[in-house]
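Single-letter residue listing:
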Amino acid sequence: MKIKIKRDKEFSEFEVSSNLMLLEALFEIKQNIDSTLTFDSGCRSMVCGACSVRVNGKEVLACATKVNDGDEVEPLKYHKVIRDLKVDKSSKLQTIKREKAYLKEYKEVALTPEDEKLTERQSDCILCDSCYSACPVFEVNENFLGPFALTRAYRYAVDKRLKEPKEIIDNIQKDGIWDCTLCGECTLVCPKGIDPKGDIINLRNLSAQYGYMDPNFGNMDFGSGFSF
Ligand code: SF4
Ligand code: SF4
Ligand code: FES
């Protein structure tokens, strides 16, 4: 069967064996047809997050996706393409630094199983960047903190061991929680079942407790007949 792979601006077509995972198909092409084909991989078992690409417009892990005849494979969106399917993911480290979501000053408290449940799903993130590629906000705002970073902010903001979550809450107001359209694309594509959209809604509620409100609220048009 045949699959198409985006290389620079054009798609190239390759013949691959059937019943392969996409990552196996990419290695087959590299070993037997074109050794210059470039892509990222690591663990080959959904752990490292390196192999994320788009197939027919949807973000997937190549090591966890069966290849189908006619598939169109492209690099992630909103990332600088280094070559073929390999993209530069270094900007996420800058994003993590920008939001300062970690246990800066912590206190000793005993965590209950319920406390741990609150943050364990977010801790499964493998930094695959699929949610960034799927998020439409980057189309209009390249400074948006983005789904993974906001999920991480929530993970630490509700961690009982953090002495003062306010700094995290302060840092996610600009280019953060209020810029999200709540479209849910990030949640749909996450290979680890993380729900960034849900975490962003929780962060909005948490922010209200710190006196923040949606900055767009004053600009909203409620239509005629609506009065306060
Ligand atoms: S829900 Fe928000 S963060 Fe997630 S993809 Fe949509 S706009 Fe982006
Ligand atoms: S939240 Fe999910 S989609 Fe986003 S980087 Fe983490 S594992 Fe990937
Ligand atoms: S190769 Fe590590 S997640 Fe696919």
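Residues numbered from 1 in each chain as written. Chains lettered and ligands numbered in written order. Predicted model: local features only at pLDDT ≥ 70, side-chain atom pairs only at ≥ 80, totals over all residues.

## Some remarks on unusual backbone geometry
Phi angles above zero are rare outside glycine, and D129 is one such case at about 75°. Note on placement: D129 falls in the loop between α3 (113–120) and α4 (130–134). Since 23 C-beta atoms lie within 10 Å of it, D129 is described here as buried. The phi angle at L182 is positive, at roughly 60°, despite the residue not being glycine. Its place among the elements puts L182 in the loop between α6 (166–171) and α7 (185–189). (Helix = DSSP H or I, 4+ residues; strand = E, 2+ residues; numbered from the N terminus. Buried ≥ 20, exposed ≤ 12 C-beta atoms within 10 Å, placed from the backbone.)

## Details of the pairing of strand β1 (residues 2–7)
The pairing of β1 with strand β2 (residues 10–15) spans six bridges and is classified as antiparallel. Considered in β2, the bridge of I3 is made with F14. Sheet topology places β1 next to strand β5 (residues 72–74); two bridges connect them, and they run parallel. Bridge pairing in β5 links K4 to E72. (Pairing = 2+ DSSP bridges.)

## Looking at the environment of L127
The residue L127 is located in the loop between α3 and α4 in this model. Look at L127 and you get partly exposed, because 16 C-beta atoms sit within 10 Å. A C-alpha to C-alpha distance of 15 Å links L127 and Y78, two positions 49 residues apart in sequence. Excluding residues that lie within four positions of it along the chain, L127 makes contacts with G49, K92 and F148. (Contact = placed C-beta atoms within 7 Å.)

## Brief notes about the domain arrangement of the protein chain
Taken domain by domain, the protein chain consists of domain 1 (2–88) and domain 2 (91–209). Between the C-alpha centres of domain 1 and domain 2 the distance comes to 28 Å. Counting from both sides, the interface comprises 14 residues of domain 1 and, opposite them, eleven residues of domain 2. Within the residue set of the side of domain 1 that touches domain 2, elements represented by two or more residues are β3 (52–55) and β4 (58–61). Here the element with the most residues in the side of domain 1 that touches domain 2 is β4; it accounts for three residues. (Domains from an automatic or database assignment.)

## Let's talk about the sheet that holds β5
If you trace the five strands from one edge of the open sheet to the other, you get β2-β1-β5-β3-β4, paired in mixed fashion. Two strands in the sheet have a free side with no partner beyond their single neighbour: β2 and β4. Taking the axes of each pair of neighbouring strands and ignoring which way they run, one obtains an average angle of 35° across the sheet. (Axes fitted to C-alpha atoms, helices over the stretch in contact; angles between N-to-C directions.)

## Some remarks on the confidence of the model for the protein chain
Per-residue confidence for the protein chain averages 92 on the pLDDT scale, and 95% of its residues sit at or above 70. This model gives residues 224–228 a pLDDT under 50, and the stretch forms zero contacts once residues within four places in sequence are excluded. (pLDDT = per-residue confidence, 0-100.)

## So, the environment of K80
Within the secondary structure, K80 is located in strand β6 (residues 80–83). Look past the residues within four positions of K80 in its chain and what remains in contact with it is V87 and D88.

## A few points about the site of ligand 2
Near ligand 2, the surroundings consist of 17 residues, among which C125, C128, S130, C131 and C190 are the closest. Mapped onto the shell around ligand 2, the elements with two or more residues apiece are α4 and α5 (147–157). Broken down by element, the residue count for the shell around ligand 2 peaks at three residues, all from α5. (Near = placed C-beta within 6 Å.)

## Focus: the nonpolar core
Of all hydrophobic cores here, the largest spans 28 residues; its most connected members are C131, L150, A153, A157, I168, I172 and L203. At the level of elements, α4, α5, α6, α7 and α8 (196–209) are the ones that each hand at least two residues to this core. Those residues within four positions of A153 in sequence are excluded, and the remaining contacts are E99, A101, I168, I172 and L203. Within the second largest apolar cluster, 21 residues are counted, among which are I5, V60, A62 and C63. (Core = buried A, V, L, I, M, F, W, Y, C linked by C-beta atoms within 7 Å.)

## What to know about the site of ligand 1
If you check the shell around ligand 1, you find 15 residues, and the closest are C135, P147, C180, C183 and C186. The greatest single-element share of the shell around ligand 1, amounting to three residues, is contributed by α8.

## Some words on the packing of α5 against α8
The geometry of α5 relative to α8 is characterised by a closest axis approach of 9 Å and an angle of 55° between their N-to-C directions. Classified by the angle their axes make, α5 and α8 are oblique. Seen from above, α5 lies across α8 with left-handed handedness. Two secondary-structure elements touch here, α5 through P147, F148, L150, T151, A153, Y154 and A157 and α8 through P196, D199, I200, N202, L203 and L206. Across the contact of α5 with α8, the residue classes tally to ten nonpolar, two polar and one charged. (Parallel < 35°, antiparallel > 145°, perpendicular 65-115°, else oblique. Left-handed = near helix turned anticlockwise from the far one by under 90°. Nonpolar A, V, L, I, M, F, W, Y, C, P; charged D, E, K, R; others polar.)

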